[in-house]
Amino acid sequence: GQNIDQPTEMTATEGAIVQINCTYQTSGFNGLFWYQQHAGEAPTFLSYNVLDGLEEKGRFSSFLSRSKGYSYLLLKELQMKDSASYLCAVRVAGGYNKLIFGAGTRLAVHP
Amino acid sequence: EAQVTQNPRYLITVTGKKLTVTCSQNMNHEYMSWYRQDPGLGLRQIYYSMNVEVTDKGDVPEGYKVSRKEKRNFPLILESPSPNQTSLYFCASSFSVGNTGELFFGEGSRLTVL
């Protein structure tokens, strides 16, 4: 079966660092995505990892360990606007762009 | 502006009354897909299309139909809606696998079936 686990909710303080974890068990692996989704809005692309290691993009970084079926999204210098849901998605092997999504982690940033 | 446009954004309907949710993208993407998002379940794929006239079922296709007659459009059809199809629906598009294949999502269509 296909399973992606991430915490349901997290809270953090403005200016701090937060790490959102994602573990997956899927039939095949062809890349892992993180999307951000503000309440009532569409998901927007944050990062993509296909090889092990850390990808850094400004305040956001994403890490992947394929052998452990594990990824995390690291958000630094948190801002109030970072309050959103963060979706982990795995592209499973196959001839098409099929993504399996986790249920999302709702992050609340407090002053 | 590159975008995916869905209509309607909000709809309340009654059981059995056929409806269509339209989706259009202006990025010349080959791949298009429909998802539904329900609390605690994440996004689940309904149908997808690799290109014009090529469609296939996703994980939750029951009660839905799609068509892909033009590259830019990918409508979702509910022939006889039922209350369990009350959900938030997203259309998404991307280039075919070959680059990152990141999905571009429409703004969502919130459907309530009474």
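Everything below is about the structure shown above.
Chemist: How should I be thinking about the overall build of chain B in this particular structure?
Modeler: Within chain B, the regular secondary structure consists of 0 helices and 11 strands. Its C-alpha atoms put chain B at 40 × 30 × 30 Å along the principal axes. The 114 residues of chain B split such that 48% are buried. For chain B, the proportion of contacts with a sequence separation of at least 24, taken over those separated by at least 6, is 53%. Accessible surface, chain B as shown: approximately 5,400 Å² in total, 52% of it carbon and sulfur.

Chemist: Please explain the nonpolar core as it appears in this structure.
Modeler: Among soluble globular proteins, nonpolar side chains are generally buried collectively. Counting residues in each nonpolar core, the largest one holds 22 residues, and the members touching the most others are Trp34, Leu75, Tyr86 and Leu107 of chain A. Judged by nonpolar contacts, the second largest core, of 19 residues, contains Met27, Val60, Leu76 and Leu111 of chain B.

Chemist: What exactly am I supposed to notice about the pairing of strand S5 (residues 42-51) of chain B here?
Modeler: For a regular strand, the rule is simple: side chains alternate between the two faces of the sheet. All names here are of chain B. A large share of S5 lies buried, amounting to 7 of its 10 residues. In the sheet, strand S4 (residues 31-38) pairs with S5 via 7 bridges, with the strands oriented antiparallel. Each bridged residue has a counterpart across the sheet, and for Met32 the counterpart in S5 is Ser49. Here S5 runs beside strand S6 (residues 54-57); their pairing, made up of 4 bridges, is antiparallel. Opposite Tyr48, over in S6, you have Asp56 as the bridge partner. In this antiparallel pair of consecutive strands, S5 and S6, the connection spans 2 residues, and Glu53 shows a positive phi of 65 degrees.

Chemist: Would you mind showing me how to read the state of the cysteines here?
Modeler: One way to say it: the disulfide is the covalent bond shared by the sulfur atoms of two cysteines. All chains considered together, the criterion is met by 2 disulfides over all chains. The side chain of Cys22 of chain A participates in a disulfide bridge whose partner is Cys88 of chain A; the two sulfur atoms lie 2.0 Å from each other. With the S-S bond torsion at -70 degrees, the cross-link from Cys22 of chain A to Cys88 of chain A turns out left-handed. Of this pair, Cys22 of chain A sits in strand S3 (residues 18-25) while Cys88 of chain A sits in strand S9 (residues 84-91), and the two are 66 residues apart along the sequence. An identical accessibility class is assigned to Cys22 of chain A and Cys88 of chain A; each is buried. In this model, Cys23 of chain B is linked to Cys91 of chain B through a disulfide, with the two sulfur atoms separated by 1.9 Å. Handedness of the Cys23 of chain B-Cys91 of chain B disulfide follows from its S-S torsion of about -75 degrees: it is left-handed. Placement of the pair is Cys23 of chain B in strand S3 (residues 19-25) and Cys91 of chain B in strand S9 (residues 87-94), with a sequence separation of 68 residues. The class for Cys91 of chain B is buried, based on a relative accessible area of 0%.

Chemist: Sorry if this is basic, but what is going on with the pattern of salt bridges here?
Modeler: Where charged atoms of side chains with opposite charge meet at close range, the side chains can pair. Following the criterion strictly, the structure yields 10 salt bridges over all chains and no others. With its nearest N and O atoms 3.7 Å apart, the salt bridge here joins Glu56 of chain A to Lys76 of chain A. In this pair, Glu56 of chain A sits in strand S6 (residues 53-57) while Lys76 of chain A sits in the loop between strand S8 (70-75) and S9, placing the two residues 20 residues apart along the sequence. Judged by its relative accessible area of 56%, Glu56 of chain A falls in the exposed class. Judged by its relative accessible area of 27%, Lys76 of chain A falls in the partly exposed class. Here Asp38 of chain B makes a salt bridge to Arg36 of chain B, at a shortest N to O gap of 2.9 Å. Residues participating in the shared-partner salt-bridge network are Lys18, Lys65 and Glu79 of chain B.

Definitions and cut-offs
- Residues numbered from 1 in each chain as written.
- Chains lettered and ligands numbered in written order.
- Predicted model: local features only at pLDDT ≥ 70, side-chain atom pairs only at ≥ 80, totals over all residues.
- Heavy atoms only, no water.
- Helix = DSSP H or I, 4+ residues; strand = E, 2+ residues; numbered from the N terminus.
- Buried < 20%, exposed > 50% of the residue type's maximum accessible area, 1.4 Å probe, protein only.
- Contact = heavy atoms within 4.5 Å.
- Areas by Shrake-Rupley, 256 points an atom, 1.4 Å probe, with all protein chains shown as cover.
- Core = buried A, V, L, I, M, F, W, Y, C linked by side-chain atoms within 4.5 Å.
- Pairing = 2+ DSSP bridges.
- Disulfide = S-S within 2.5 Å.
- Salt bridge = Lys/Arg side-chain N within 4 Å of Asp/Glu carboxyl O.

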